[in-house]
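Topology and contacts: notes
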Amino acid sequence: MTDPERLAADVFGITGEYTPLPGEIDENGKLAGSSGTNYLLRISPPETEAAALHFRQSVLGAVADVDVATPEVIPTVGGATWAALEDGGMAHLYSWVDGVAYSEAGRPPDLAHEIGVAAGQIVNVLAGFPAGPRPSGFLWDLTDAGTIIRKHSITVDDPRRRRLIERVLTRWDEIALQALPRQVVHNDLNDENLLVRDGAIAGVIDFGDAIETVRAAELAIACTYAMLDQDDPVSVAGDVIAGYRSVAPLTDAE
């Protein structure tokens, strides 16, 4: 097993204390640097494609100018953006983005407008950004939602819940997805990846699911998570949409 602290010192020239963090695919951890600066160390498994990691890091470079903080790539001592490990994995280091997750902050509904603004700004800076490779088995493209939900809906035994799913799928089939504008988006503006600091949306993290898909997916996903556990979820969604529209285009079809 790789020693993260030794790896950080040898590969990136940074000494510090490593604390593991949750991660779906990568091994993630906070590196509290001895200099007082914090970092995010990610170790990707051997099956990770170099092109996919390059795409993710290129997206981070493109969003560096949005008003909220985003991670910055920290190079190795040799100037590379990641290091290949003996087991075939890849180690990459990023600046730490301060803040608490929107969910941990209690999902304050008064920040919904700011969530929309952040989503719109990301869409704007990624407009025209070249599409990257699509990971095999990728499940998180909203345009595939109907197919994936149908595949798994057979596991729902409750007839009432099955009818609800079927109603949603019927409406989903009516959407002319192929007619909607497409571009690269963050694709995961959930309540864990939006960070709050000093009562405001201050950061966006985890660009690991960024893909080229329908542009409206960025707004739809942001709305979905902002609506969770709200007393008036429709109003909250409206505020997210208003924030988005204040900075980014939204066609009638979208």
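This text follows the structure it describes.
What comes next is a walk through the structure. (Residues numbered from 1 in each chain as written. Predicted model: local features only at pLDDT ≥ 70, side-chain atom pairs only at ≥ 80, totals over all residues. Heavy atoms only, no water.)

A few words now on the packing of aromatic side chains. Inspection of the entire model under this criterion finds one aromatic pair. Taking the centre distance of 6.0 Å and the plane angle of 55° together, the rings of Phe55 and Phe129 count as tilted. Taken as a pair, Phe55 in helix H2 (residues 50–62) and Phe129 in the loop between helix H3 (112–126) and helix H4 (145–153) lie far apart in primary sequence, 74 residues in all. Accessibility expressed as a relative area gives 9% for Phe55, which makes it buried. (Phe/Tyr/Trp six-rings, centres within 6.5 Å; stacked < 30°, edge-to-face > 60°. Helix = DSSP H or I, 4+ residues; strand = E, 2+ residues; numbered from the N terminus. Buried < 20%, exposed > 50% of the residue type's maximum accessible area, 1.4 Å probe, protein only.)

Moving on, we come to the sheet that holds strand S7 (residues 100–101). Spatially, the three strands line up as an open sheet ordered S7-S9-S10, and their pairing is antiparallel. Of all strands in the sheet, those bounded by a partner on one side alone are S7 and strand S10 (200–204). Examined bridge by bridge, S7 and strand S9 (residues 194–197) share two bridges and lie antiparallel to one another. For Val100, the partnering residue across the bridge sits in S9 and is Val196. (Pairing = 2+ DSSP bridges.)

Backbone geometry at Asp198 places phi at a positive 55°, although glycine is not the residue there. Within the secondary structure layout, Asp198 lies in the loop between S9 and S10. Since its relative accessible area comes to 77%, Asp198 is described here as exposed. With phi around 60°, Asp206 is a residue other than glycine that occupies positive phi space. One can find Asp206 in the loop between S10 and strand S11 (211–214).

Within the secondary structure, Ser153 sits in helix H4. Classification of Ser153 by relative accessible area gives buried; the value is 11%. For Ser153, the side chain forms a polar contact with the main-chain oxygen of Arg150, separated by 3.1 Å. Those residues in contact with Ser153 that lie beyond four places of it in its chain are Arg162 and Ile165. (Polar contact = N/O pair within 3.5 Å; in protein donor to acceptor, adjacent residues only side chain to side chain. Contact = heavy atoms within 4.5 Å.)

To continue, consider H4. Those residues of H4 that fall on the buried side of the exposure criterion are Ala145, Gly146 and Ser153. Taken end-on, H4 shows its buried residues confined to a sector of 90°, consistent with a single buried face. Away from the buried face of H4 by more than 90 degrees, exposed residues Thr147 and Lys151 are located. Lining the buried residues of H4 we find helix H5 (159–173). (Arc of directions from axis to C-beta.)

Quick look at the pairing of strand S1 (residues 16–21) now. Of the strand pairs in this sheet, S1 and strand S2 (residues 27–33) are connected by six bridges, and their pairing is antiparallel. Counted as the bridge partner of Gly16 is Gly33 from S2. Connecting S1 to the next strand, S2, in antiparallel fashion are five residues.

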